[in-house]
Amino acid sequence: MNVKILKVIKNIKHNDEIFELIVENHNQSMKAGQFYGLKLNDKSKILRRPISINKYDEKQISFLIRNTKEGISELADLKENDEINAMGPLGNGFDTSELKSNSTVILYGGGIGIAPLLQLAKEIKSKFEAINIITLLGYRENPYQIKEFKEVSSSVDVFLELEIKEKIEIANVSYTYGEYPSNYYGKLLKEKNIDYVYSCGPDALLENAVEILKNTSDINTKIYVSLEERMACGIGACLCCTKVINENQGICVCKDGPVFNGVEVY
Amino acid sequence: MNLKVNLNGLVLDNPVTVASGTFGFGREYSEYVDLNDIGAISVKGITLKARVGNKEPRIAETNMGILNSVGLQNPGVEAFIEREIPFLRGYKSKIIANVNGSNIGDYEKMIIKLDEEDIDSFEVNISCPNVKQGGMAFGTDPRVAAQLVKSVRKLTKKHIIVKLSPNVKDITEIAKAVEEAGADAISLINTVAGMKIDINTRKPILGNISGGLSGPAVKPIAIKMVYDCYKAVSIPIIGMGGIENYKDAIEFIIAGASAISIGTANFTNPYVTKEVLEGIKGYMNQNNIKDIKELIGLTHRI
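Small disclaimer: the values here were computed from a predicted structure and weren't measured.

### Quick word on the overall build of chain A
Counting its secondary structure elements, chain A contains 6 helices and 16 strands. In terms of overall dimensions, chain A is globule-like: its C-alpha atoms have a radius of gyration of 18 Å, near the 18 Å expected for 266 residues. Taking all 266 residues of chain A together, the buried fraction comes to 55%. Partitioning the intrachain contacts of chain A with sequence separation of at least 6 by distance along the chain shows that 64% fall at a separation of at least 24. Across chain A, 32 positive and 37 negative side-chain charges occur, with their mean positions spaced 3 Å apart.

### Some words on the overall build of chain B
Looking only at helices and strands, chain B has 8 helices and 16 strands in total. For 302 residues, the compact-globule estimate of 2.2 N^0.38 gives 19 Å, and chain B sits close to it at 18 Å. The principal-axis extent of the C-alpha atoms belonging to chain B is close to 50 × 50 × 40 Å. Of all 302 residues assigned to chain B, the portion counted as buried reaches 59%. Counting only contacts in chain B whose residues sit at least 6 apart along the sequence, the fraction spanning at least 24 positions is 69%. Here chain B has roughly 12,400 Å² of accessible surface; of this, 49% comes from carbon and sulfur atoms. Treating the 35 positive side-chain charges of chain B as one cloud and the 33 negative ones as another, the clouds have centres 4 Å apart.

### Describing the sheet that holds strand β8 (residues 104-110) of chain A
All names here are of chain A. Ordered by their spatial adjacency, 7 strands build an open sheet running β11-β10-β9-β8-β12-β13-β16, and the pairing between neighbours is mixed. Taken across any chain shown, the strands that pair with only one partner, and hence form the sheet edges, are β11 (173-177) and β16 (259-261). Averaged over neighbouring strand pairs, the angle between their axes works out to 20 degrees when direction is ignored. Alignment of β8 against strand β12 (residues 196-200), held across 5 bridges, turns out to be parallel. Bridge pairing in β12 places V105 opposite Y196. The sheet contacts of helix α2 (residues 115-127) involve β8, β9 (132-139) and β12, and relative to β8 the element is tilted by about 165 degrees.

### Topic: the interface of chain B and chain A
Every contact between the two is made by 32 residues of chain B and, on the other side, 32 residues of chain A. The junction of chain B with chain A conceals about 2,600 Å² of combined surface from both sides, 62% of it contributed by carbon and sulfur atoms. Area buried by chain B at its contact with chain A is led by E61, F267 and T268 of chain B, which between them contribute 23% of it. Between chain B and chain A we count 1 salt bridge in total. Across the pair R49 of chain A and E61 of chain B runs a salt bridge whose closest N-O atoms are separated by 2.7 Å. Looking at the side of chain B that touches chain A, the elements with two or more residues in it are β5 (59-62), β6 (65-68) and α7 (265-268) of chain B. Counting residues per element, the side of chain B that touches chain A draws most heavily on β5 of chain B, at 4 residues.

### Comments concerning the pattern of salt bridges
All chains considered together, the criterion is met by 23 salt bridges over all chains. A salt bridge links E17 of chain A to R66 of chain A, with the shortest nitrogen-to-oxygen separation between them at 3.6 Å. With a gap of 49 residues between them, E17 of chain A in the loop between β1 (2-13) and β2 (18-24) and R66 of chain A in strand β6 (residues 60-66) connect regions that are remote in the sequence. On the basis of relative accessible area, R66 of chain A is assigned to the partly exposed category, the value being 39%. In this structure, the salt-bridge partner of E84 of chain B is R83 of chain B, at a minimum N-O distance of 3.9 Å.

### A look at the pairing of strand β14 (residues 242-246) of chain A
Residue and element names in this part refer to chain A. The pairing of β14 with strand β15 (residues 249-252) spans 4 bridges and is classified as antiparallel. Paired with K243 across the bridge in β15 is I251. The hairpin formed by β14 and β15 contains 2 residues between the paired strands.

### Quick look at the packing of aromatic side chains
This model, assessed by the stated rule, comprises 12 aromatic pairs over all chains. Ring geometry for Y196 of chain A versus Y198 of chain A: centroids 6.2 Å apart, planes at 20 degrees, classification stacked. In this structure Y196 of chain A comes out as buried when scored by relative accessible area, which is 11%. Note on Y198 of chain A: relative accessible area 0%, which makes it buried. Note on Y198 of chain A and Y224 of chain A: the rings are 5.7 Å apart at their centroids and 15 degrees apart in plane angle, and the pair reads as stacked. Note that Y198 of chain A is positioned in strand β12 and Y224 of chain A in strand β13 (residues 222-226), a separation of 26 residues in sequence. Its relative accessible area of 9% is what places Y224 of chain A among the buried residues. Clustering of aromatic rings is evident, with ring pairs tying together F94, Y196, Y198 and Y224 of chain A. In this structure, R27 of chain B is placed above the aromatic ring of F87 of chain B, and the distance from its NZ or CZ to the ring centre is 4.5 Å.

### Section: the sheet that holds β6 of chain B
Residues and elements named next belong to chain B. The 4 strands are arranged β5-β6-β14-β13 in an open sheet whose pairing can be described as antiparallel. Because the sheet does not close on itself, it has two edges, and the strands there are β5 and β13 (192-194). Across the sheet, the mean angle from the axis of one strand to that of its neighbour is 35 degrees, orientation sign disregarded. Bridge analysis of β5 against β6 gives 4 bridges, and the strand direction is antiparallel. Within the sheet, the bridge partner assigned to A60 lies in β6 and is L67.

### Focus: the nonpolar core
Note on soluble globular proteins: their nonpolar side chains tend to be buried together. Residues Y185 of chain A together with F80, L164, I186, L188 and I260 of chain B are the most contacted members of the largest nonpolar core, which totals 138 residues. Here this core gets 6 residues from one element, more than from any other, and that element is helix α3 (residues 142-153) of chain B. One finds I18, L118, I133 and V158 of chain A within the second-largest nonpolar core, a separate group that totals 35 residues.

How each quantity is defined
- Residues numbered from 1 in each chain as written.
- Chains lettered and ligands numbered in written order.
- Predicted model: local features only at pLDDT ≥ 70, side-chain atom pairs only at ≥ 80, totals over all residues.
- Heavy atoms only, no water.
- Helix = DSSP H or I, 4+ residues; strand = E, 2+ residues; numbered from the N terminus.
- Rg over C-alpha atoms; globule rule 2.2 N^0.38 Å.
- Buried < 20%, exposed > 50% of the residue type's maximum accessible area, 1.4 Å probe, protein only.
- Contact = heavy atoms within 4.5 Å.
- Lys, Arg positive; Asp, Glu negative; His and termini not counted.
- Charge placed at Lys NZ, Arg CZ, Asp CG, Glu CD.
- Areas by Shrake-Rupley, 256 points an atom, 1.4 Å probe, with all protein chains shown as cover.
- Pairing = 2+ DSSP bridges.
- Axes fitted to C-alpha atoms, helices over the stretch in contact; angles between N-to-C directions.
- Buried area = accessible area lost by both parts, 1.4 Å probe.
- Salt bridge = Lys/Arg side-chain N within 4 Å of Asp/Glu carboxyl O.
- Phe/Tyr/Trp six-rings, centres within 6.5 Å; stacked < 30°, edge-to-face > 60°.
- Lys NZ or Arg CZ within 6 Å of the ring centre and 35° of its normal.
- Core = buried A, V, L, I, M, F, W, Y, C linked by side-chain atoms within 4.5 Å.

What follows is the structure in structure tokens.
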């Protein structure tokens, strides 16, 4: 981990809420599921913003960011050749060491939670070309990065809460409206011999995903969830991001996580 | 150039220390800064038994600051002795054991245990709520603060720093009371009581409702308190509260601090301790100051 000033290569606006900030990489290696702490120029906001790595290579890192207007809007305005102070890579990342070439994996993302799953899909795909990656993406209204996920998944199923006016039809991508992905996810767990689930999204989605898995009998599926929590130091020293999971135990989201075994958290 | 400071028996190689609760036990930051270059490390606050700490959220960002209510999550005094002291002793940095309790008996037990260990100083945190006084902090009443310090003073010959709370009517009263009770030095300020309410949920953001404010927003409060305490007591002061760079550090020293402590700033800049030390040296060079002692409390002599 280090702190570097990185030049902005591109800033892509996906829609009014979502933008993709691409910065240079000085050959730093990192893992899917890790994140960077981005410093804002606004001096009144002293904490770094923790943002997942969406994808990377030796030359550039992409951050997929939801513009919540609190400080983050400053990052939405960055242009090519602007500079950003970035601390990272931080966190543990997704564990894919037990994957085999015949494993079946579900990537289950909700909203901006899909961000780290893209890098994960790329890493899994580059390790095992023929591995079965079933990707479930849930959005409220406006989808994004569906094409990118399709390139590295065996199948992509998109779930939209609200119907969108301009439907983008991509070959072999299914669209479902007015439904959460949870029913289909539960069906897959029962019927498809899923080895691993990797999930990221709102707390309710993660808790529900773990609950459905726990309630499905006769399966050997392991679930990994990527959590988020307000954080300060980003390296496990201050204990501000600790989630108390029972009366004796807290988990440090920035250092022990952000990726955890789902059944140990919920 | 001399940067050594003698805090009434605790000698630091340089006046830069790190604040309790912001630096863990040094392990995490040891990967980014050389702990040997830090004058002293005040470790995460320790209690007799391990504590899991408060429900999340434990932190909320405010203008130029943060509110925290971590709740003294720590592995307990035994684990500190077995695991953390050996690790820290691998470095030249002085070890300050920050101790916390909910009644005087707790503090006494901690001091007795740690008196036999290889630490360089105690930092007695008197901002803890005193259970016997309905949760009022020990440090809000000069008589209670003095009673606490007297009790632990009897139990050790080691160096004792008392960390003062700013949430009091008159901090100089507390400073004088603990000096009289036997403190070797005082450190200030601890965090300022504060809270933040979410106007969408209409609820306080922190899981524990309120917390302590730290960061640049509190610096003027801390500077005045250091200035006032320097006039009130003759024991040395470790000054802290929103230090982000060497200029802030110099400001505290000139106000009356013999050493300074960096806390919140470590989060945004893991290298800040190194930068502040270099900056202090640069300032002394530029101003032809041969000994840091020339700067301590200088504003009072001009």
